[in-house]
Every structure is written in structure tokens, then in C-alpha cells.
Amino acid sequence: MAAAAGATYSVGSCPSVYPKPCFAAKSTTFGAHLQFRSMLGLKNRYPSISFERRCSPFTNSSALTSKSQMSLKRLNVQASYKVAILGAGGGIGQPLSLLVKMSPLISGLNLYDIANVKGVAADLSHCNTPSEVLAFTGASELPDSLKGVDVVVIPAGVPRKPGMTRDDLFNINANIVQDLIEAVADNCPDAFIHIISNPVNSTVPIAAEVLKQKGVYDPKKLFGVTTLDVVRANTFVAQKKNLKLIDVDVPVVGGHAGITILPLLSKTRPSVTFTEQEIEELTVRIQNAGTEVVEAKAGAGSATLSMAYAAARFVESSLRALDGDTDVYECAYVQSELTELPFFSSRVKLGKKGVEGFITSDTQNLTEYEQKALEALKPELKASIEKGVAFAGKKTVAA
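What comes next concerns the included structure. All chains use their own residue numbering, which begins from 1 and follows the written sequence. pLDDT decides what is reported in this predicted model: residues at 70 or higher carry local features, side-chain atom pairs at 80 or more are listed and counted, and totals for whole chains, interfaces and linings draw on all residues regardless. Side-chain descriptors were evaluated using all non-hydrogen atoms of the structure, hydrogens and water having been removed beforehand.

Our focus in this paragraph is the overall build of the protein. Each helix and strand in the protein was counted, giving ten helices and 14 strands. For the protein, buried positions account for 55% of its 399 residues. Should any heavy atoms of two residues lie within 4.5 Å, those residues are counted as being in contact. When contacts within the protein are restricted to residue pairs at least 6 apart in sequence, those whose partners lie at least 24 apart make up 70%. A 1.4 Å probe and the Shrake-Rupley method give the accessible areas. Residues count as covered only by the protein chains that appear here. Taken as a whole, the protein presents about 16800 Å² of accessible surface, with 52% of it coming from carbon and sulfur. Comment: elements are numbered from the N terminus, with helices defined as DSSP H or I runs of at least four residues and strands as E runs of at least two. With a 1.4 Å probe rolled over the protein chains alone, any residue whose accessible area is under 20% of its type maximum counts as buried; one over 50% counts as exposed, and the rest are partly exposed.

Now the structure itself:
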């Protein structure tokens, strides 16, 4: 497969373009002058600056690159984008819908599910933030939920239960994703598509094949959301090394299941030293963090809240990119040529048309441990990709 078109960025020696790990915690204004200080682990890098704009708790401060010379002009942010959440009534969908509703960039929030979504929409519609919330129930209303949408987020599917792997979810969730992507292709083919439904390593290739069959595939706009791996890596490293969480940034590459999740601890910002034991322990914990939550909930669910937080962060990054912010970077599972695999998660630069480039320096000069882990994950990730492609192919033949 051809890779997503876009520039390749080498950022190792250029701090001014390196994606900053910090996010701004600014006074945020919604509706009737309600101001609050974000408690989402975000940071104002320049506390002496008064920002004259409405901003989301997920707004990245990385565009501010110079303390000595800045030209801050008044920005009039207009709520002008529509987001659809498919699976909005579920364990991830509900908290995700709440977090996305907070964005001042959104004018419309369409919530779709096969049942129990009207109550969610009614509840959220009472929040005094700019977006109008609409509910859509069942397959007959799915097309209307997607018309005119700029970003589609898909958390739909069954959750993991104790003892289940992401591949155990494949047969159910693969069918769900395929059906939803067909509707996306028919009703909003130009939208950014965020896939959360597991196993992401396979569901993203399924989505790509469906979009190809429909003749509307744009590899720059299809994303597997792996942000939760980065969120976990940052959290665990900060805890282990007693660092300010706000300052920590750990790129995570590969895929989104088990050993395919590879935190590049040697690339941690700020620079920090790990013992071999710490590297092993942190890597394994980050890889198995989802299982940690599933077991802790003892059959009552999976990692819904942290996933919703991470997904909302990726939605906000996409909206900022669509709105013209030229300094937006996130790790995501996308069509790629960084390795011989057709899909691979790495840090990418986002723009108005989707992926604009890949941060190649993240995968260069790896430690021996990381290089071995990278080679070890490739066969499993390759098999998951092929499984997704084969599934989509069989469905096409059957049709």
C-alpha cells in the first residue's frame, strides 16, 4: 500500500518544531462566563500571558515556542465543526461524549447507538457549551447522524471482559466496524475517522479496505486511536521517576495490543535514565495496562474512562488541525512507510487534510532493547493487519 502523502519530519535537533509534551491549563470560558481551571493534568507554559480566546481543556500550548519574542493576537474561535460519535451510549461513548461536548470548536455533536442514546443526548444537551446535541438510534437513523460531519469517532463494540484478549473481540467488533464504515463512506467520506473499537490493529485495516471498495479511501484521514498508550506511558514514567506529569512525553509506536505496544523510553522528554529492570517493568506495565483495568473491575467493564479521556484528546487535536493550527502532533496508528508494515503507530503531524508528516527521529537510534522489541512485535502486528484485510475481503466476496 502507498503511504499517506506528506512531508517527513526529522525533529531531533530542532526544538522549535518538536511536539511539546505540555498542554495548556488556561482559564476557559463557556456560555455565561463560566470560568474554570482545568484539572485534566494540563499546564500553562507561560502563566504570565493572558490568553484572549476560548480554549478547550485539551488545547496544546506547543504553538508558543519563544518566551522572549511572541506575537499573540486576538483569536476569535468559532464553534464550526460537527463530530459524530458512533457507539455513544456505551461505556466509552458516554464519558467521551461529555468530554467532546466541552470543546468550543464544535457546533454540533451527533450521538449514535443502537439503543439508549436519547437519554445521553438529553442529559448532555443541558450543558452550557456551544454545541447542539442530537440523538440517532438504530440503523435507519445512522445515515442522518453522519451527514455534514467533520470528525467521526467509533468506540462502538463489545468491551473486554476478564480473560479476553483484543483478538477475542474480533468476530463481533469487526462486523460492527465494517457496517459503520460503510455508512461513513456513503455519507461523510471526507471526514477524519477515529477508530477506537478493538482490536485496533485489525479494525483499522478493515476500515481501509471498506473505504477502498467504496472508492473514497484517503489514508491521511483514517486513524487508529492509540493515544491511551501515550497517556499511560507518560503517567507511569512520571510516577516511577517522580517527575512532574505535565512535563513528561513518551512516544509509543507499533500497534495497540500487547507486545505490539512499544514505549520508546529512551526518547522520553525530559531526558531521564532508566535501569534495565525499570525499562522491563515499565514496558510490560504499559503493554498490559488494559488488562490491569479489566481485572481490577472484575467483570464490570474495561478501561472506559481513561480511553474516553485519551480519545477526547485526539478529537481535540484533530479539530485544532482542521481549524488551522500548524503545530499539532499525536501518536496514531495509520498507513505508514516507517517500517515494512502497511500500518504502524508513530507520532504524526496533523493538518487540515489529515496526516501531514511522520516524526522519523522517534524510530531512529533506538536502544538495543527497543530495537529487539520492535522486531519482535512485527510478526504479531503483521498477522493482525492481514487478519483484518482478509476479513474485509471475505465479506466483499460474500456480498
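A separate point is the pattern of salt bridges. A side-chain nitrogen of Lys or Arg and a carboxyl oxygen of Asp or Glu constitute a salt bridge if their distance falls within 4 Å. Applying the stated criterion to the full structure yields 16 salt bridges. The partner of K212 in a salt bridge is E209, with the nearest N and O atoms 3.2 Å apart. Residue K212 and its partner E209 are located together in helix α5 (residues 200-214), separated by three residues, close to a single helical turn. Taking the relative accessible area as the measure of exposure, K212 reaches 33% and is therefore partly exposed. Taken together, the shared-partner salt bridges in this structure form one network comprising D249, R347 and D362.

Think of a 1 Å grid over just the protein atoms. A cavity is a set of points where a 1.4 Å probe fits yet cannot get out, a pocket is an open set with protein on both sides within 12 Å along at least five of seven lines, and lining residues have an atom within 4 Å of a point. Grid points are joined across faces, edges and corners, and a volume is the space filled by probe spheres set on the points. All told, the structure shown has two cavities of 30 Å³ or more when counted by the stated rule. Its boundaries defined by the atoms lining it, the second largest cavity holds a volume of some 50 Å³. P189, A191, I193, L211, V216, Y217, D218, K221 and L222 together form the lining of the second largest cavity. Under the convention adopted here, Pro, Cys and the residues Ala, Val, Leu, Ile, Met, Phe, Trp and Tyr are nonpolar, Asp, Glu, Lys and Arg are charged, and Gly plus all remaining residues are polar. Partitioned by chemical class, the residues of the lining of the second largest cavity number seven nonpolar, no polar and two charged.

Moving on to the environment of G254. Here G254 shows up in strand β10 (residues 252-254). For the pair G254 and A332, spaced 78 residues apart in the sequence, the C-alpha separation amounts to 9.4 Å. Non-local contacts of G254, meaning those with residues more than four positions away in its chain, are made with T260, Y333, F344, S345, L377 and L381.

Time to look at the pairing of strand β13 (residues 343-351). Within β13, nine of the nine residues are buried, which leaves it mostly tucked inside the rest of the structure. Of the strand pairs in this sheet, strand β12 (residues 328-335) and β13 are connected by eight bridges, and their pairing is antiparallel. Looking across to β13, one finds that Y333 is bridged to S345. Paired strands are those between which DSSP finds at least two bridges. Hairpin connection from β13 to strand β14 (residues 354-359): two residues lie between these consecutive antiparallel strands.

Let us look at unusual backbone geometry. The bulk of non-glycine residues show a negative phi, and the bulk of peptide bonds are trans. With omega at 0°, the peptide bond leading from N198 into P199 counts as cis. Position of P199 among the secondary structure elements: in the loop between β8 (192-195) and α5. The backbone of A298 sits at a positive phi, close to 50°, despite the residue not being glycine. Mapping A298 onto the fold places it in the loop between α8 (289-297) and α9 (305-322). Since its relative accessible area comes to 62%, A298 is described here as exposed. In this model, N365 sits at a positive phi of 55°, which is unusual for a non-glycine residue. By the secondary structure assignment, N365 is in the loop between β14 and α10 (368-398).

A rise of 1.5 Å per residue sets the reference length of helix α4 (residues 170-187), with its 18 residues, at 26 Å; its end C-alpha atoms lie 25 Å apart and thus fit the reference within 8%. When α4 is considered as a whole, its buried residues turn out to be F170, N173, A174, V177, Q178, L180, I181, A183, V184 and A185. For a helix, the expected span equals 1.5 Å multiplied by the number of residues minus one.

Okay, the environment of G290 next. Along the polypeptide, G290 turns up in helix α8. Note on G290: relative accessible area 7%, which makes it buried. Once the C-alpha coordinates of G290 and D229 are considered, the two residues, 61 residues apart in sequence, prove to be 9.3 Å apart.

Attention now goes to the packing of aromatic side chains. Centre distance and the angle of the planes are the two values used to describe a pair of aromatic rings. A pair of Phe, Tyr and Trp rings is counted when the ring centres sit within 6.5 Å of each other, with Trp represented by its six-membered ring. The angle between the planes then sorts it: under 30 degrees is stacked, over 60 is edge-to-face, the rest tilted. Taken as a whole and judged by the stated rule, the model has four aromatic pairs. Consider the rings of F223 and F314, whose centres lie 5.4 Å apart with planes at 70°: the pair is edge-to-face. Taken together, the positions of F223 in strand β9 (residues 222-224) and F314 in helix α9 put the pair 91 residues apart, joining distant regions of the chain. Residue class for F223 comes out buried when judged on its relative accessible area of 0%. When the centroid spacing of 6.0 Å and the interplanar angle of 40° are considered together, the rings of Y333 and F343 count as tilted. Here the residue Y333 occupies a position in strand β12, and F343 occupies one in strand β13, the gap between them amounting to ten residues. The exposure class assigned to Y333 is buried, which follows from its relative accessible area of 0%. The buried category is assigned to F343, whose relative accessible area is 1%. An aromatic cluster is present here, built from F192, F223 and F314 joined pairwise through their rings.

Interpretation note: all reported values are geometric properties and have no functional meaning in isolation.
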